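For reference, the chains in residue letters:
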Number of protein chains: 2
Amino acid sequence: MRELEERILRDGKVYAGDVLKVDGFLNHQLDPALFRRMGEEWRRRFADQGVNKLLTLEASGIGIAAIAGEVFGCPVLFAKKSRTRNIAGSVYTAQVESYTHGQVYTILCSKEYLLPTDRVLLLDDFLANGNAMMGLLDLCRQAGAAVVGAGVAVEKAYQPGGERLRGQGVRVESLARILAMSPEEGITLAPDPA
Amino acid sequence: MRELEERILRDGKVYAGDVLKVDGFLNHQLDPALFRRMGEEWRRRFADQGVNKLLTLEASGIGIAAIAGEVFGCPVLFAKKSRTRNIAGSVYTAQVESYTHGQVYTILCSKEYLLPTDRVLLLDDFLANGNAMMGLLDLCRQAGAAVVGAGVAVEKAYQPGGERLRGQGVRVESLARILAMSPEEGITLAPDPA
């Protein structure tokens, strides 16, 4: 998606440790108008798939998914990272290893809101090693929900997440794909297929 | 706001320990169409205030604020609950005591995105004791940003948060105000002024 790619090249900063800082528009300060167009692009790519629910993970996926949910005209569910007493009743849980924080945590969602009749599009801001997405996929499989695909804003295509998801039969649609990046060389994006 | 009030009365459940479960539409599963109309209501109430930034707190404020940001036509900033290595550079920090989790945590936002020229509307899903909002107010004051007010989805009006904020000179606009609730008696809402 050209607009997102241009924004990454213009505003993104690469730091040592494989960190892409895009927190001016994607995952700390948010650009809702950009998110709207990202949602429209995912809707275009997943048209006629019968998507009736979006599933993401707190925290940085929520803004993207909320606006995409309005575009798709369906509810949005975000998996939580720890049990709070505001979630009553039964939950599905999965384990996720966090690259950013270097720890394993539990994600969960209420059984009440993820159903065998659901056709779910997974959404997240980043896809790198794929652990978060694999956790969301795990929740859907426990629920017996169909996973239509995974919509990603920024895929680090040199990391294994994309292949891991595709190896599980999940269609992955990333709006920007990074082939390589470094503080010295900057960011190399895959050509936009559109 | 009548639609939100009716939704709370229809779908909300009250549990012991002063817990209002509205996770079917507000803070776990999200209803983006409702969020749009909430954003429009806050825009109506804060019209002509020159709001140029929305500030909320992860996680459950983000969906509401993202869609409201599109309505207001301005960026959304969410304060994070712990330092991650994706935030580089200097940050403002504040301490918040969590009622839900029973612990004190640090919230932070990048100095880069909260500016002395900003006219900020604070947003959150719940206002109870007001600790989260007071933390957001603290961040704004450190930045020298003007706080235009606080938009709240559900205020527990029998708790001190609303008065604490108003005592700090903050205009609070809650879309639903709960006067009392209990598992036995259900939910009593304040009359809708609109």
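Residues numbered from 1 in each chain as written. Chains lettered and ligands numbered in written order. Predicted model: local features only at pLDDT ≥ 70, side-chain atom pairs only at ≥ 80, totals over all residues.

Caption draft 1: Fine view of the overall build of chain A. Tallying secondary structure elements over chain A gives five helices and 11 strands in all. Within chain A, buried positions represent 50% of all 194 residues. The long-range fraction of contacts in chain A, counting pairs at least 24 apart against all pairs at least 6 apart in sequence, stands at 61%. (Helix = DSSP H or I, 4+ residues; strand = E, 2+ residues; numbered from the N terminus. Buried ≥ 20, exposed ≤ 12 C-beta atoms within 10 Å, placed from the backbone. Contact = placed C-beta atoms within 7 Å.)

Caption draft 2: Spatial organisation of the interface of chain B and chain A. Opposite the 36 residues of chain B that make contact, chain A presents 36 residues. Listing elements by their share of the side of chain B that touches chain A, those giving two or more residues are strand E2 (19-21), strand E3 (29-30), helix H2 (32-45), helix H3 (62-72) and strand E5 (76-79) of chain B. Broken down by element, the side of chain B that touches chain A gets its largest block of residues, six residues, from H3 of chain B. Split by residue class, the side of chain B that touches chain A holds 17 nonpolar, 11 polar and eight charged. Here strand E3 (residues 29-30) of chain A runs beside E5 of chain B; their pairing, made up of two bridges, is antiparallel. (Nonpolar A, V, L, I, M, F, W, Y, C, P; charged D, E, K, R; others polar. Pairing = 2+ DSSP bridges.)

Caption draft 3: Quick look at the sheet that holds strand E9 (residues 146-156) of chain A. The sheet built from seven strands is open, its strands ordered E11(A)-E10(A)-E9(A)-E8(A)-E4(A)-E5(A)-E3(B) with mixed pairing. Each edge of the sheet is formed by a strand with only one pairing partner; in this case those strands are strand E11 (186-189) of chain A together with E3 of chain B. Across the face of the sheet, helix H2 (residues 32-45) of chain A comes into contact with E9 and strand E10 (172-182) of chain A while running at roughly 120° to E10 of chain A. (Axes fitted to C-alpha atoms, helices over the stretch in contact; angles between N-to-C directions.)

Caption draft 4: Representation of the sheet that holds E5 of chain B in the model. Strands sit in the order E3(A)-E5(B)-E4(B)-E8(B)-E9(B)-E10(B)-E11(B) across an open sheet of seven strands; the sheet is mixed. Only two strands of the sheet have a single partner each, and these edge strands are E3 of chain A together with strand E11 (186-189) of chain B. Note that strand E10 (residues 172-182) of chain B and E11 of chain B share four bridges and pair antiparallel. Note on E11 of chain B: the bridge partner recorded for Met 181 of chain B is Ile 187 of chain B. Along the sheet face, helix H4 (residues 131-143) of chain B touches strand E4 (53-57), E5, strand E8 (119-127) and strand E9 (146-156) of chain B and points at about 165° away from the line of E8 of chain B.

Caption draft 5: Summary view of the nonpolar core. Residues Leu 122, Leu 136 and Ala 153 of chain A together with Leu 122, Leu 136 and Ala 153 of chain B are the most contacted members of the largest nonpolar core, which totals 127 residues. If we skip the residues at most four places from it in the chain, Ala 153 of chain B touches Leu 4, Leu 26, Met 38, Ile 64, Asp 125, Phe 126, Leu 175 and Ala 176 of chain B. (Core = buried A, V, L, I, M, F, W, Y, C linked by C-beta atoms within 7 Å.)

Caption draft 6: Inspection of the relation of the copies chain B and chain A at higher detail. Least-squares fitting of chain B to chain A yields an RMSD of 0.0 Å, with the transformation described by 0.0 Å of translation along the axis and a rotation of 180°. When the rotation and shift are considered jointly, the pair of chain copies conforms to a two-fold rotation axis. (Least-squares fit on C-alpha atoms with pLDDT ≥ 70 in both.)

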